[in-house]
Amino acid sequence: MYDVDSVALKICVTSILLKYGRELKEKIHIIDGDFLSAKNNLPENCKVISNPPYAAIQQVGFDWKETQVLNDSRELYSCFMEKIIKNCNSVRAAITVLRRDNCDGFRLTPLIRFKSTERKELLQCKMLESFLSPKRQKISQTSPAYFDDRYFLNKRSA
């Protein structure tokens, strides 16, 4: 586990141990620091469960690796996902980016499955955006959920 908040790490570890058993303590790896630091390397073929921050980058960390994703997106979530994708064999992700000046509803994509050889291409913002449904949904009391199966079926067969 990585976090810049040492108290959050302790709370998370305690919650895991209380729920799944104290014998797991030696199997939980904790790193108190910046996940995006170039000094923090993920083990090869690791498994990652993440909840990256959904925010624009206000200031680039002094020891972050400069990448095209960092320069193009300026979004923390994109940078977290790039680091995870480059080091893990399997990725399942939900990408949600909201900007205060553009909150006119959500657009969804189907689950994107890809080969390791396709990672670099998939990380490009334009490629990810190409999977977004053109339809927007505002969540409200009268419309509490969204799923447009026609779009997903058409996208899959294309």
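Here the structure is a predicted model, which means the values were calculated and not measured. Residue numbers restart at each chain and count upward from 1, following the sequence in its written direction. Restriction of local features to residues with pLDDT of at least 70 applies here, the model being predicted, together with a cutoff of 80 or more for giving and counting side-chain atom pairs; totals for whole chains, interfaces and linings are based on all residues. Side-chain descriptors were evaluated using all non-hydrogen atoms of the structure, hydrogens and water having been removed beforehand.

### What to know about the overall build of the chain
Moving on, step 1. Helices and strands together make up the secondary structure of the chain, namely six helices and two strands.
Moving on, step 2. Note on conventions: DSSP H or I runs of at least 4 residues are helices, E runs of at least 2 residues are strands, and numbering of each starts at the N terminus. When the helices and strands of the chain are placed in sequence order, the string is β-α-β-α-α-α-α-α.

### Description of the pattern of salt bridges
Close approach of charged atoms allows side chains with opposite charge to pair.
Moving on, step 1. In what follows, salt bridge is the name for a side-chain nitrogen of Lys or Arg lying within 4 Å of a carboxyl oxygen of Asp or Glu. For the structure on display, the rule yields one salt bridge.
Moving on, step 2. For Asp63, the salt bridge is made with Lys39, and the minimal N-O distance between the two is 3.8 Å. Residue Asp63 is located in the loop between β2 (31-32) and α2 (68-73), and its partner Lys39 is located in the loop between β2 and α2; the two are separated by 24 residues in the primary sequence.
Moving on, step 3. Each residue is placed in one exposure class: buried if its accessible area under a 1.4 Å probe, protein chains only, is under 20% of its type's maximum, exposed if it is over 50%, and partly exposed if it falls in between. By relative accessible area, which is 16% here, Asp63 ends up buried.
Moving on, step 4. By relative accessible area, which is 64% here, Lys39 ends up exposed.

### A few points about the packing of aromatic side chains
Moving on, step 1. Within 6.5 Å between ring centres, the rings of Phe, Tyr and Trp (the latter by its six-membered ring) count as paired, and their orientation is classed by plane angle as stacked under 30 degrees, edge-to-face over 60, tilted in between. Tallied over the entire structure, the rule returns two aromatic pairs.
Moving on, step 2. Seen from their ring centres, Tyr2 and Phe35 are 5.1 Å apart, and the 85 degrees between their planes marks the pair as edge-to-face. Of this pair, Tyr2 sits in strand β1 (residues 2-3) while Phe35 sits in the loop between β2 and α2; the two residues are 33 residues apart in sequence, bridging distant segments of the chain.
Moving on, step 3. Exposure remark for Tyr2: the relative accessible area of 23% places this residue in the partly exposed category.
Moving on, step 4. Exposure remark for Phe35: the relative accessible area of 8% places this residue in the buried category.
Moving on, step 5. Ring centres of Phe35 and Phe80 lie 4.9 Å apart, and the angle between their planes is 15 degrees; on these two criteria the pair is classed as stacked. Taken as a pair, Phe35 in the loop between β2 and α2 and Phe80 in helix α3 (residues 76-87) lie far apart in primary sequence, 45 residues in all. Considered together, Phe35 and Phe80 belong to a single accessibility category, that of buried residues.

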